[in-house]
Amino acid sequence: GAGVSQSPSNKVTEKGKDVELRCDPISGHTALYWYRQSLGQGLEFLIYFQGNSAPDKSGLPSDRFSAERTGGSVSTLTIQRTQQEDSAVYLCASSRDYGYTFGSGTRLTVV
Amino acid sequence: KNQVEQSPQSLIILEGKNCTLQCNYTVSPFSNLRWYKQDTGRGPVSLTIMTFSENTKSNGRYTATLDADTKQSSLHITASQLSDSASYICVVSEYDYKLSFGAGTTVTVRA
């Protein structure tokens, strides 16, 4: 597609459940990023992929968070045993050179 | 401590008026600075990107300035329109993939 696609756009889940968020980057963009945006806060870096490898995963807040990328394309962010503090908008971005493009995000609400 | 500080946190302006948003950063080393516009419920969209050697960049009615010596940037919106109502985010890049985000300035344009 022409842009970065994220799914689902909204997700409501019960505390303790696992969730999986998906990001389809722009074709040809080798770099992919996950960010988290909490209410009233700036974007928080989670993880960066170059191809299928993640040189920097320092932003993942706990071992409940994991991400993978396959075929140098689609990425999934998995949150296990969700907690209420995980509620946020999860944004994915892809880039080639300096041109970052963000998706519209997945709004996750943990109840 | 956030390395990118934006001010004001929010502002309201009348349609047709100009406004200027500020961004101060402490990120070092510095690679580039970007301004993004984020509409409610959407991902951020790039407005401008400047490297340390550039001190001004325009995109239509948006003009960004950069003073790499004082580590300050501004975004000037000329002849505001209702569609300019959004959050404007200053993003400073330490390395190509390491982005530091400001918390944003929420601009509301009223008729």
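Owing to the predicted nature of the structure, the values given are computational and were not obtained by experimental measurement.

When a protein is soluble and globular, its nonpolar side chains tend to lie buried together. Counting residues in hydrophobic clusters, the biggest one holds 24 residues, and the most contacted among them are L21(B), Y25(B), L33(B), W35(B), L75(B), Y88(B) and V92(B). Every element with two or more residues in this core is listed here: β2 (10-14), β3 (19-25), β4 (32-38), β5 (45-51), β7 (62-67), β8 (72-77), β9 (86-93) and β11 (105-110) of chain B. Not counting the four nearest positions on each side in its chain, Y88(B) is found in contact with Q6(B), L21(B), W35(B), Y36(B), K37(B), L47(B), Y62(B), L75(B), I77(B), G104(B), T105(B) and V107(B). With 19 residues, the next largest nonpolar core counts I26(A), A88(A), C92(A) and V110(A) among its residues.

All right, on to the pattern of salt bridges then. Enumeration according to the criterion identifies five salt bridges over all chains in this entry. D86(A) is paired through a salt bridge with R64(A); the nearest N and O atoms lie 2.8 Å apart. With D86(A) in the loop between β8 (75-79) and β9 (88-96) and R64(A) in the loop between β6 (53-56) and β7 (65-69), this pair connects stretches of sequence that are 22 residues apart. R64(A) shares its class with D86(A); the two are buried. With a shortest N-O distance of 3.4 Å, E54(B) and K57(B) are connected by a salt bridge.

Attention now goes to unusual backbone geometry. With omega at -10 degrees, the peptide bond leading from S7(A) into P8(A) counts as cis. In this structure, P8(A) sits in the loop between β1 (5-7) and β2 (10-13). In this chain, S7(B) is followed by P8(B) through a cis amide linkage whose omega measures -10 degrees. Positive phi is not limited to glycine here, since K71(B) has a value of about 60 degrees.

This paragraph deals with the confidence of the model for chain B. Residues at a pLDDT of 70 or more form 95% of chain B, whose mean pLDDT is 91. Within chain B, strand β10 (residues 99-101) of chain B has the poorest average pLDDT of any element, 83, and β8(B) the best, 98.

Looking now at the interface of chain B and chain A. Tallying the contact residues gives 18 residues for chain B and 14 residues for chain A. Buried area between chain B and chain A, summed over both chains or domains, comes out near 1,500 Å², and the portion from carbon and sulfur atoms is 55%. Inspection of the region where chain B meets chain A yields zero salt bridges. Taken together, chain B and chain A are joined by one residue pair in polar contact (both at pLDDT 80 or more). Listing elements by their share of the side of chain B that touches chain A, those giving two or more residues are β4 and β10 of chain B. Per-element tally for the side of chain B that touches chain A: the top contributor is β4(B), with four residues.

Turning next to the state of the cysteines. Summed over the entire model, instances satisfying the criterion amount to two disulfides over all chains. Residue pairing for C23(A): its cysteine sulfur links by disulfide to C92(A), the two sulfurs lying 1.9 Å apart. Disulfide C23(A)-C92(A): torsion about the S-S bond near -65 degrees, hence left-handed. Of this pair, C23(A) sits in strand β3 (residues 19-24) while C92(A) sits in strand β9, and the two are 69 residues apart along the sequence. Judged by relative accessible area, C23(A) falls into the buried class, the value being 0%. Each disulfide pairs two cysteine sulfurs, and for C23(B) the partner residue is C90(B), the sulfurs being separated by 2.0 Å. Taking the torsion about the sulfur-sulfur bond, which here is approximately -70 degrees, the covalent link between C23(B) and C90(B) counts as left-handed. Separated by 67 residues along the polypeptide, C23(B) in strand β3 and C90(B) in strand β9 bring together distant segments of the chain. Residue class for C90(B) comes out buried when judged on its relative accessible area of 0%. This cysteine, C19(B), is not joined by any disulfide, and C90(B) carries the nearest cysteine sulfur, 15 Å off. The exposure class assigned to C19(B) is buried, which follows from its relative accessible area of 7%.

As a further point, take the sheet that holds β1(A). All names here are of chain A. The sheet built from four strands is open, its strands ordered β1-β3-β8-β7 with antiparallel pairing. Single-partner strands in this sheet number two, and they are β1 and β7. Averaged over all neighbouring strand pairs, the angle between strand axes comes to 15 degrees, with direction disregarded.

What counts as what
Residues numbered from 1 in each chain as written. Chains lettered and ligands numbered in written order. Predicted model: local features only at pLDDT ≥ 70, side-chain atom pairs only at ≥ 80, totals over all residues. Heavy atoms only, no water. Core = buried A, V, L, I, M, F, W, Y, C linked by side-chain atoms within 4.5 Å. Buried < 20%, exposed > 50% of the residue type's maximum accessible area, 1.4 Å probe, protein only. Helix = DSSP H or I, 4+ residues; strand = E, 2+ residues; numbered from the N terminus. Contact = heavy atoms within 4.5 Å. Salt bridge = Lys/Arg side-chain N within 4 Å of Asp/Glu carboxyl O. pLDDT = per-residue confidence, 0-100. Buried area = accessible area lost by both parts, 1.4 Å probe. Polar contact = N/O pair within 3.5 Å; in protein donor to acceptor, adjacent residues only side chain to side chain. Disulfide = S-S within 2.5 Å. Pairing = 2+ DSSP bridges. Axes fitted to C-alpha atoms, helices over the stretch in contact; angles between N-to-C directions.

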